[in-house]
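# Understanding the architecture of this molecule
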Amino acid sequence: MALCGVCSTPNLPNLQVLRNSSIVGLKRNRSLWQPTSSFRAKPVKFRCSSSLKPSSSDVEEIDEDVGNGSSVSVDDGSAHVKQFMWSDFKILDRVSIGHGGRADELVFEAIVQVPDSPLFNQGVVLRKLNTTRAQKRGRRAIEVLKKLVRRRLLYHSYSMQVHGYISNTLSDDPYSFTLVHGCHGSFSIRHWLQQSDWLPTLEATLALDEESFRRVGDDTTGGPAVSRQLRLIRILMRDILIGVNYLHSHGLAHTELRLENVHISPVDRHIKVGILGNAADFYGDGASTSSAYSTMDRRQMMIAFDMRCVGFMMAKMILQELMDPLIFAKLKSFLAKGNDPSSLREFFVTTLNTNSESGNTGVQILDRNWGAGWHLLSSLIATRPSKRISCLDALKHPFLCGPRWRVAPSMDIIRWGLGSTAVKISEEYIYRMPQRQRLAHFIGLMEMLNPYPKPNCWLELLPGRWRLLYSTGKHIGLTLRQPSTRALIGNVHLTITQASEAANNTSLSFTSDIGFTAITSKDWPHNKTGATGKLQTLSQFRLVAGKRLYLKEEKKNIGKFSMGEPDAEEGLAEKLETEKWKKVVPFKKFPSSLPVAKLVSGEIEVTMNMNDRIESPENVIGEVRKQIPQEMFDLSKLVCGTYIDGRLLVLRCVNGSALLFTRSSFNDKSM
């Protein structure tokens, strides 16, 4: 197959662009498309230089004009570059919306009219590059082609097939180029997702069958929309990752991965990641030994930038609400404020409209397989570039592997699955004995696998805003009681701040915010309106190293309100002795103690604010204290932290009960 080349094009004046809902029409003067002579231009040589030097402060700011310092000649790839003339094409009067170019490009669709050409009667796209920046992209496309020509099969499978260039005449504009590349479908992925019936239409276009699903490890077809969309996402994501990994393995970064630049070919059913005119070299000639970043750092940062772009593409494909620029801007703002991407689920659940047209199908997809989708998404867009997952590791991630493929999960994914399961059970709000025992069991497993047992790690991860999900202690609601003053509890947050940023400072400030609504009317209102208020408790803590002891003799005399924790510990010990868990846990038998972060409390200050004036506020406080864990009102009863990561926190109380928290965003103002 012929590869890419560029050359000048004749001027195309008097073009009028007409737009409608799905196509762009082009009115033209047919005499303009005839070449002024049959002269074929001589090979053109040109040089391009690198302008991509990412900095440590902002790896995401990457210049659009990239390349390297080597010269490029059409002669070097003459065996793979086809030289065309304008008379070789029949220009069509419309262009599919998926081929829409930039402001510095003119895009035309055409049919090859050369009988002896292998492209005879095939549709192609002519892309005229008019500005200096556009010409740099064209030159860079040829240079990239020289690197990838040895593996043309993969190049044609995962990149737009650039067939050649159109020769220029002496009287035409010498400062413009026209690329001739393949026409891979009418829509980019972005345009596919904007269709109302995109799922069945795309399935039909790709002719998905059982063999297609087996390629992603699935053994079923059909099913509900969530399952069908998950299979399709796996196919698309795996193809994108294979294409990007192909570039990375050849020392190139794409730098321009967006949904509008990625097309799906119905012919070979592969993802095309563009013409690679903006691809950048890992090892640029401009790198020097005196630079603050070595060549390896440059390579790592470029790969990290591409993986972040892949993460945003995945998020938009799954969560259709992110196609709205306003909601996507909220996501970018959420990440720019320093929030941990592992708390994305908490952000999306509170941000996305629950009555949206998609019906939160995307959230259901990411919640499947113990929340594996959220783990992959947070790994792709991790705040630190060094923490972002690579293409090969992403291809082996459980979210992109169907049930037929047995994938050995990492310890990080095991911890993530345990935490996600505990969160899902707590969100069901069914706290009967089986649910309580399961939650206590999962919390116990998480504590056994705590990745950060040392207090210095806690000092880095603890500061932030945490929302209370569940308590293994007593639960008292409104169902079976008739209190004189009724209170509806909102969100309960625990905000932790560090007194100073000194390395040896272990002082922390804990603030408990309890939002509630006092129902003042005799009858329960349907809209649950009332006097809103907030109960706030402030206390100072000091963090030191400690141990949590597991005493077997204390498993007797189970109290009336025990949530089954002694039984949970006994079941936990039996679970850890099985062959499956022996390969995972870092110890061979149930330990007698585990390291924890001990909390030493100081003075406590309690305040209450009411937006409306109510009678007997002391009764309201008493009712709120009955429904919330006592430890959130009296913070001195918090004795140690037993589990923490970027997403979840487990604190143990003086009576042995556990509080499970999830990290909230800093700008969360909900009560």
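Residues numbered from 1 in each chain as written. Predicted model: local features only at pLDDT ≥ 70, side-chain atom pairs only at ≥ 80, totals over all residues. Heavy atoms only, no water.

Moving on to helix α9 (residues 344-351). Taken together, the buried positions of α9 are occupied by L344, R345, E346, F347 and F348. Among the structural elements, α8 (325-336), α10 (361-380), α12 (411-427), β16 (464-471) and β23 (658-664) are those in contact with the buried residues of α9. (Buried < 20%, exposed > 50% of the residue type's maximum accessible area, 1.4 Å probe, protein only. Helix = DSSP H or I, 4+ residues; strand = E, 2+ residues; numbered from the N terminus. Contact = heavy atoms within 4.5 Å.)

This paragraph deals with the packing of aromatic side chains. Tallying each qualifying case throughout the model produces six aromatic pairs. With a centroid separation of 5.9 Å and an interplanar angle of 35 degrees, the aromatic rings of F348 and W374 are classed as tilted. With F348 in helix α9 and W374 in helix α10, the pair connects residues that are 26 residues apart, well separated along the chain. Taking relative accessible area as the criterion, F348 reaches 1% and is therefore assigned buried. (Phe/Tyr/Trp six-rings, centres within 6.5 Å; stacked < 30°, edge-to-face > 60°.)

For helix α4 (residues 198-205), the complete set of buried residues consists of W198, L199, L202 and E203. Viewed along the axis of α4, the buried residues span an arc of 125 degrees, placing them on a single side of the element. In this structure, the buried side of α4 is in contact with α3 (189-193), α6 (225-249) and β13 (263-264). Of the residues trailing α4, A207 is marked for its positive phi of about 50 degrees. (Arc of directions from axis to C-beta.)

The next point concerns the packing of α9 against α10. Between α9 and α10, whose axes approach to 10 Å, the crossing angle comes to 100 degrees. One way to sum up the angle between α9 and α10 is to call them roughly perpendicular. Of the residues in α10, those touching α9 at L344, R345 and F348 are D367, W374 and L377. Considered class by class, the residues forming the contact of α9 with α10 number four nonpolar, no polar and two charged. (Axes fitted to C-alpha atoms, helices over the stretch in contact; angles between N-to-C directions. Parallel < 35°, antiparallel > 145°, perpendicular 65-115°, else oblique. Nonpolar A, V, L, I, M, F, W, Y, C, P; charged D, E, K, R; others polar.)

Turning our eyes to something else, we now look at unusual backbone geometry. Even without being a glycine, N121 presents a positive backbone phi close to 65 degrees. With respect to the secondary-structure elements, N121 resides in the loop between β8 (105-112) and β9 (123-129). Positive phi is not limited to glycine here, since W370 has a value of about 60 degrees. With respect to the secondary-structure elements, W370 resides in helix α10. For W370, a relative accessible area of 59% gives the class exposed.

With that out of the way, let us pick up the pairing of strand β11 (residues 177-182). With six of six residues buried, β11 is to be regarded as a mostly interior element. Bridging between strand β10 (residues 162-166) and β11 involves three bridges; their strand directions are antiparallel. Bridged to Y165 within β11 is L179. (Pairing = 2+ DSSP bridges.)

Moving on to the pattern of salt bridges. A complete count under the given rule lists 13 salt bridges for this structure. The salt bridge involving K424 is made with D367; its shortest N-O contact spans 3.7 Å. In this pair, K424 sits in helix α12 while D367 sits in helix α10, placing the two residues 57 residues apart along the sequence. On the basis of relative accessibility, which here comes to 36%, the residue K424 falls in the partly exposed class. Take D367: its relative accessible area is 17%, and that puts it in the buried class. Between R384 and E460 there is a salt bridge, with its nearest N and O atoms 3.2 Å apart. (Salt bridge = Lys/Arg side-chain N within 4 Å of Asp/Glu carboxyl O.)

Ordered by their spatial adjacency, eight strands build a closed barrel running β16-β17-β18-β19-β20-β21-β22-β23, and the pairing between neighbours is antiparallel. Averaged over all pairs of adjacent strands, the angle between strand axes in this sheet comes to 35 degrees, irrespective of strand direction. Contacting β16, β21 (638-644), β22 (648-653) and β23, α12 crosses the sheet at an angle of about 65 degrees to β16. Its contacts with the sheet put helix α13 (residues 433-448) on β16, β19 (531-549), β20 (593-610), β21, β22 and β23, and the angle it makes with β22 is roughly 105 degrees.

Averaged over all residues, the pLDDT of the protein chain is 76; the fraction at 70 or higher stands at 72%. Across the protein chain, the secondary-structure element scoring lowest on mean pLDDT is strand β1 (residues 16-19), at 34, and the one scoring highest is β22, at 95. Segment residues 1-78 is flagged for pLDDT under 50; beyond a separation of four residues in sequence, or across chains, it makes 207 contacts in the model. (pLDDT = per-residue confidence, 0-100.)

Moving on: the side chain of T511. Within the secondary structure, T511 sits in strand β18 (residues 507-519). Aside from chain neighbours lying at most four places away, what touches T511 is H493, L494, T495, Q536, T537 and L538.

You can see R140 is positioned in helix α1 (residues 132-148). A sequence separation of 137 residues divides R140 from G277, and the C-alpha atoms of the two residues are 5.2 Å apart. Here A279 takes part through its backbone oxygen, which lies 2.6 Å from a polar atom of the side chain of R140. (Polar contact = N/O pair within 3.5 Å; in protein donor to acceptor, adjacent residues only side chain to side chain.)

Another aspect to go through is the sheet that holds β11. Spatial ordering of the open sheet is given by β5-β10-β11-β9-β8-β6, a layout of six strands whose pairing is mixed. Here the strands that pair on one side only, and so sit at the sheet edges, are β5 (82-84) and β6 (89-91). The average angle at which neighbouring strand axes cross in this sheet is 35 degrees, direction not considered. Relative to β9, β8 runs antiparallel, the two sharing seven bridges.

On to the environment of T511. Overall, the relative accessible area of 15% leaves T511 in the buried class. Separated by 124 residues in sequence, T511 and L635 have C-alpha atoms that sit 8.7 Å apart.

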